[in-house]
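Architecture and fold: a report
The lines below spell out each chain.
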Amino acid sequence: MKRIFAQTIKELTQLGRDRLSLLMALGLPLILLLLFGFGVSLKVNQINFAIQDLDETFVSREYVATFERTTKFNIVAYGPNVNVPQLLDRGKVAAGLIIPSKFARDFLRTKRGASAQILIDGTDSNTANIVRGYAKGITNTFVENSQGRNVPVVSLQSQSWYNPGLETLKYIGPGALAITVTLFPTLLAALTTAKEYEQGTILQVYASSLTGMEYLLGKATAFWLVGMAEVLLVNIEAWLVFGLWFAGDPTPMIVGSSVYITCGVFWGIFIGRNTQIQSAAIQAVSFTAFLSSLQLSGYIYPVSNIPIAIRWISYLIPAQHYILITRDAYARGVGWLGVWLPVLALALLASLFFFLAWRRLRSMQVG
């Protein structure tokens, strides 16, 4: 334990002397959290919208007014001479409504027999589906308001569980916490390990009485402490800036965070030992820790949307399990009953990464 403690103090002392690295380790996650928290949103508002009204009647104008009363559409062109396909081709609008002539006559005669056309830019399929849903909902509202005397047979009352206000931040914010702390503990551990091999100072470790296990645990403890400091700072920032706070028992979040940082540190040491060059370590960490976590963790879209052929990779990414823990902590509040499996998965991954790193470091002394 004395040798492990000495190795930990040595790593922290070196990091403390490198003020720039320490500032990056503690400051950049806070900046990343702001970028991800404010820059990533699943909301689609103020969609540029054009309307060609070939009917120009009271009914058609009331239909248009229904679109105007929402915050979803920004009507940039309106009138009988508006060329919706041309505006779509030029990229001026994302969607357009064409109201045909005799729209009011058909609507008043048959009640639901009238038709109109929505043209949508399908380049972004996700936005196109959302716009289609908005347009359908607004049209249903218009029809119901015009038929106030007709009472529907079934009245469906809906309630959003865990997130009543349907706030995007409740979904994006907890995921952003996981992404912001996934990079720097792993990167610092990889860089310091690769630096010792690149500069040859690892020979001093070889000549010492340290075993591979002691070297690994001492180095990992130092960067685990740095990583936990990052977790504390980003959680304080999430509370002060985004208003996120624990919805239930915080202990799964605390335990999950400690195991999650352990995964990143052991993986960073493993990468640094294998690359032995700092530039190569940066590229390896960026790809295996940051980019893979960003794309395959379920941060932006559900894991179920990932093609089956590569979906299995997401289960080897610690961020995928940690995001489930953070979203439960800040949005659902179920506690251990809902997240014991992700915590167990993180523990198994930490054990795997520890074994991989130890296997590469175990032959540090010549017998």
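Calculation criteria
- Residues numbered from 1 in each chain as written.
- Predicted model: local features only at pLDDT ≥ 70, side-chain atom pairs only at ≥ 80, totals over all residues.
- Heavy atoms only, no water.
- Patch = residues over 30% accessible without salt bridge, like charges linked within 9 Å, V, L, I, M, F, W, Y side chains within 5 Å.
- Areas by Shrake-Rupley, 256 points an atom, 1.4 Å probe, with all protein chains shown as cover.
- Salt bridge = Lys/Arg side-chain N within 4 Å of Asp/Glu carboxyl O.
- Helix = DSSP H or I, 4+ residues; strand = E, 2+ residues; numbered from the N terminus.
- Buried < 20%, exposed > 50% of the residue type's maximum accessible area, 1.4 Å probe, protein only.
- Expected span 1.5 Å × (residues − 1).
- Pairing = 2+ DSSP bridges.
- Axes fitted to C-alpha atoms, helices over the stretch in contact; angles between N-to-C directions.
- Polar contact = N/O pair within 3.5 Å; in protein donor to acceptor, adjacent residues only side chain to side chain.
- Contact = heavy atoms within 4.5 Å.
- Phe/Tyr/Trp six-rings, centres within 6.5 Å; stacked < 30°, edge-to-face > 60°.
- Lys NZ or Arg CZ within 6 Å of the ring centre and 35° of its normal.
- Core = buried A, V, L, I, M, F, W, Y, C linked by side-chain atoms within 4.5 Å.
- Parallel < 35°, antiparallel > 145°, perpendicular 65-115°, else oblique.
- Left-handed = near helix turned anticlockwise from the far one by under 90°.
- Nonpolar A, V, L, I, M, F, W, Y, C, P; charged D, E, K, R; others polar.

1. Re a nonpolar patch on the surface
A cluster of nonpolar side chains, contributed by Leu34, Phe38, Leu232, Ile236, Trp239, Leu240, Val241 and Trp245, occupies part of the molecular surface with about 850 Å² of accessible area. Of all the elements in the fold, those that place two or more residues in the nonpolar patch are α2 (19-39) and α10 (212-242). Here the nonpolar patch takes 5 residues from α10, the largest share from any one element. Looking at the element boundaries, Trp245 is found in the loop between α10 and α11 (251-275). On the basis of relative accessible area, Trp245 is assigned to the exposed category, the value being 51%.

2. Some words on helix α8 (residues 184-199)
Look at α8: 22 Å from first C-alpha to last across 16 residues, which is about the 22 Å you get at 1.5 Å a residue. Summarising burial for α8: 12 of the 16 residues are buried, a large majority. Of the residues making up α8, those classed as buried are Phe184, Pro185, Thr186, Leu187, Leu188, Ala189, Ala190, Leu191, Thr193, Ala194, Glu196 and Tyr197. Following α8 by one or two positions, Gly200 adopts a phi angle in the positive range, close to 85°.

3. Considerations on the sheet that holds strand β3 (residues 95-99)
Backbone-to-backbone hydrogen bonds pair the strands of a sheet. The strands run either parallel or antiparallel. Spatially, 4 strands are ordered β2-β1-β3-β4 in an open sheet, and the strand pairing comes out mixed. The outermost strands of the open sheet, each flanked by one partner alone, are β2 (73-79) and β4 (117-120). Averaged over all adjacent pairs, the angle separating strand axes in this sheet is 20°, with direction ignored. By the bridge criterion, 5 bridges tie strand β1 (residues 47-53) to β3 in an arrangement that is parallel.

4. Considering the side chain of Glu196
When you line up the elements, Glu196 lands in helix α8. The exposure class assigned to Glu196 is buried, which follows from its relative accessible area of 7%. A distance of 2.3 Å separates a polar atom in the side chain of Glu196 from a polar atom in the side chain of Tyr215. Aside from chain neighbours lying at most four places away, what touches Glu196 is Lys10, Glu11, Thr201, Ile202, Tyr215 and Lys219.

5. So, the packing of aromatic side chains
By the definition in use, this model includes 17 aromatic pairs. With centroids separated by 6.4 Å and ring planes inclined at 85°, the aromatic side chains of Phe73 and Tyr134 adopt a geometry described as edge-to-face. Of this pair, Phe73 sits in strand β2 while Tyr134 sits in helix α6 (residues 125-146); the two residues are 61 residues apart in sequence, bridging distant segments of the chain. In textbook terms, an aromatic cluster arises when at least three aromatic residues are bridged by ring pairs, as seen for Phe49, Tyr63, Phe67, Phe73, Phe103, Phe107, Tyr134 and Phe142. Above the plane of the ring of Trp358 lies Arg362, whose end atom (NZ or CZ) is 5.6 Å from the centre.

6. Section: the environment of Leu291
Within the secondary structure layout, Leu291 lies in helix α12 (residues 278-296). Put simply, Leu291 and Thr211 are 80 residues apart on the chain and 33 Å apart in space, counted from C-alpha to C-alpha.

7. Describing the nonpolar core
The biggest cluster of nonpolar side chains holds 67 residues, and the ones touching the most others in it are Phe36, Ile269, Tyr299 and Tyr322. Counting residues per element, this core draws most heavily on α11, which supplies 10 residues. Counting 20 residues, the second largest nonpolar core, distinct from the first, contains Ile99, Phe103, Val131 and Phe142.

8. A few points about the pairing of β3
The buried fraction of β3 is high, at 5 of 5 residues. Of the two faces of β3, the one holding Ala95, Leu97 and Ile99 and the one holding Gly96 and Ile98 are both buried throughout. With 4 bridges joining them, β3 and β4 adopt antiparallel strand pairing. Following the sheet pairing, Ala95 is matched in β4 by Ile120.

9. With respect to the packing of α11 against helix α15 (residues 336-361)
Here α11 crosses α15 at 20°, and the two axes come no closer than 8 Å. Taken together, the axis directions place α11 and α15 in an arrangement best described as roughly parallel. Note that α11 runs across α15; the crossing there is left-handed. Of the residues belonging to the contact of α11 with α15, the class tally is 21 nonpolar, 4 polar and 2 charged.

10. A short note on the packing of α8 against α12
Running from amino to carboxyl end, α8 crosses α12 at an angle of 155°, the nearest separation of the two axes being 9 Å. Taken together, the axes of α8 and α12 are roughly antiparallel relative to one another. In terms of crossing hand, the pair formed by α8 and α12 is right-handed. Packed against α8, whose contacting residues are Thr186, Leu187, Ala190, Leu191, Ala194, Lys195 and Glu198, the element α12 presents Gln278, Ala281, Ile282, Val285 and Ala289 at the interface.

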